[in-house]
Amino acid sequence: FPLARVLVRDLTSGETLALTAERGWARVTARSSEKRLSLYLERPRGIHLCLSVEARAVEGDAIEWRTRVLNQSERYTVLSVTYPGVNFEGGGPVSLFTPSDSGRVIENAYSVEASFAGTYPSGFEGVAPVLGVYGARNGGMNGLYAAVHDRSGARKELSCALTRGGHGSMGFEYPAECLGRPRNS
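Residues numbered from 1 in each chain as written. Predicted model: local features only at pLDDT ≥ 70, side-chain atom pairs only at ≥ 80, totals over all residues. Heavy atoms only, no water.

J.: Mind showing me how you'd approach the pattern of salt bridges here?
T.: Close approach of charged atoms allows side chains of opposite charge to pair. In total, this model carries 11 salt bridges according to the counting rule given. The residue R5 makes a salt bridge to E173 at a minimum N-O spacing of 3.8 Å. Of this pair, R5 sits in strand 1 (residues 5–10) while E173 sits in strand 15 (residues 167–175); the two residues are 168 residues apart in sequence, bridging distant segments of the chain. Classification of R5 as partly exposed rests on a relative accessible area of 27%. On the basis of relative accessible area, E173 is assigned to the partly exposed category, the value being 25%. Here E64 and R66 are joined by a salt bridge, their closest N and O atoms 3.4 Å apart. Residue classification places R66 among the partly exposed residues on the basis of a relative accessible area of 41%. One continuous salt-bridge network, built from bridges that share partners, spans R56, E64 and R66. (Salt bridge = Lys/Arg side-chain N within 4 Å of Asp/Glu carboxyl O. Helix = DSSP H or I, 4+ residues; strand = E, 2+ residues; numbered from the N terminus. Buried < 20%, exposed > 50% of the residue type's maximum accessible area, 1.4 Å probe, protein only.)

J.: Explain the sheet that holds strand 13 (residues 142–147) here, please?
T.: By way of backbone hydrogen bonds, the strands of a sheet pair with one another, either parallel or antiparallel. One open sheet accounts for four strands, arranged 10-9-12-13; its pairing is antiparallel. Edge positions in the sheet fall to strand 10 (104–106) and strand 13, since each has one partner strand and no second. Averaged over neighbouring strand pairs, the angle between their axes works out to 15° when direction is ignored. Bridging between strand 12 (residues 130–135) and strand 13 involves six bridges; their strand directions are antiparallel. In the sheet register, G135 faces strand 13, and the bridge partner there is N142. (Pairing = 2+ DSSP bridges. Axes fitted to C-alpha atoms, helices over the stretch in contact; angles between N-to-C directions.)

J.: What's the story with the sheet that holds strand 4 (residues 36–44) in this structure? I'm lost.
T.: Sheet architecture is open: four strands sit in the order 3-4-5-6, paired in antiparallel fashion. Among the strands making up the open sheet, the edge pair consists of strand 3 (25–32) and strand 6 (62–71). The average angle at which neighbouring strand axes cross in this sheet is 10°, direction not considered.

J.: Looking at this structure, I do not really get the nonpolar core. What am I missing?
T.: Nonpolar side chains in soluble globular proteins tend to be buried together. In terms of nonpolar packing, the biggest core is built from 37 residues, with V8 and L162 touching the most fellow members. Residues contacting L162, with those up to four places away along its chain left out, are F88, V94, L96, A109, Y110, E113, A114, V133, H167 and G168. (Core = buried A, V, L, I, M, F, W, Y, C linked by side-chain atoms within 4.5 Å. Contact = heavy atoms within 4.5 Å.)

J.: Even after reading the chapter, I still don't get the environment of A161, so can you show me in this structure?
T.: Along the chain, A161 turns up in strand 14 (residues 156–162). Once the C-alpha coordinates of A161 and G171 are considered, the two residues, 10 residues apart in sequence, prove to be 9.5 Å apart. Those residues in contact with A161, other than ones at most four positions away along the chain, are A114, S115, H167, G168 and S169.

Next up, the structure:
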């Protein structure tokens, strides 16, 4: 996964474009301090659109992300945004927690190539917007927890996959508000 991906549609031609934080922006501004990193990406492929990503260290060895899209284009509509793209390496005996039913744990997640895809809110495959991978080291206190803390409980797609080669990824995709209209943010 890239750090962020914005899916837009050209309202004139109907073409859909996937814009990633990795390349194609006319201007990128980065600011950092001891506990904060801010990225501001402007005008991908000449489209009057901006992507703001902020990562902030918070108590408990956690990172809080805030991502915003500002679309000022009359020609393009934002369809969805995927962030944060979380990639990790590991292998070994880890467990994957998914929000299926009332929570499901898949043991030996790398060796069984565990994966999950679901929609929140949902009664069965997305009861909470949370994913987790953890191991037995350090008394079970070793892992990665990724969740969306969204007061409105808006719809989002969750996905996670682990491979036998020791690679893993997690992502959250958010449909845009005012989908199909220009200048939606």
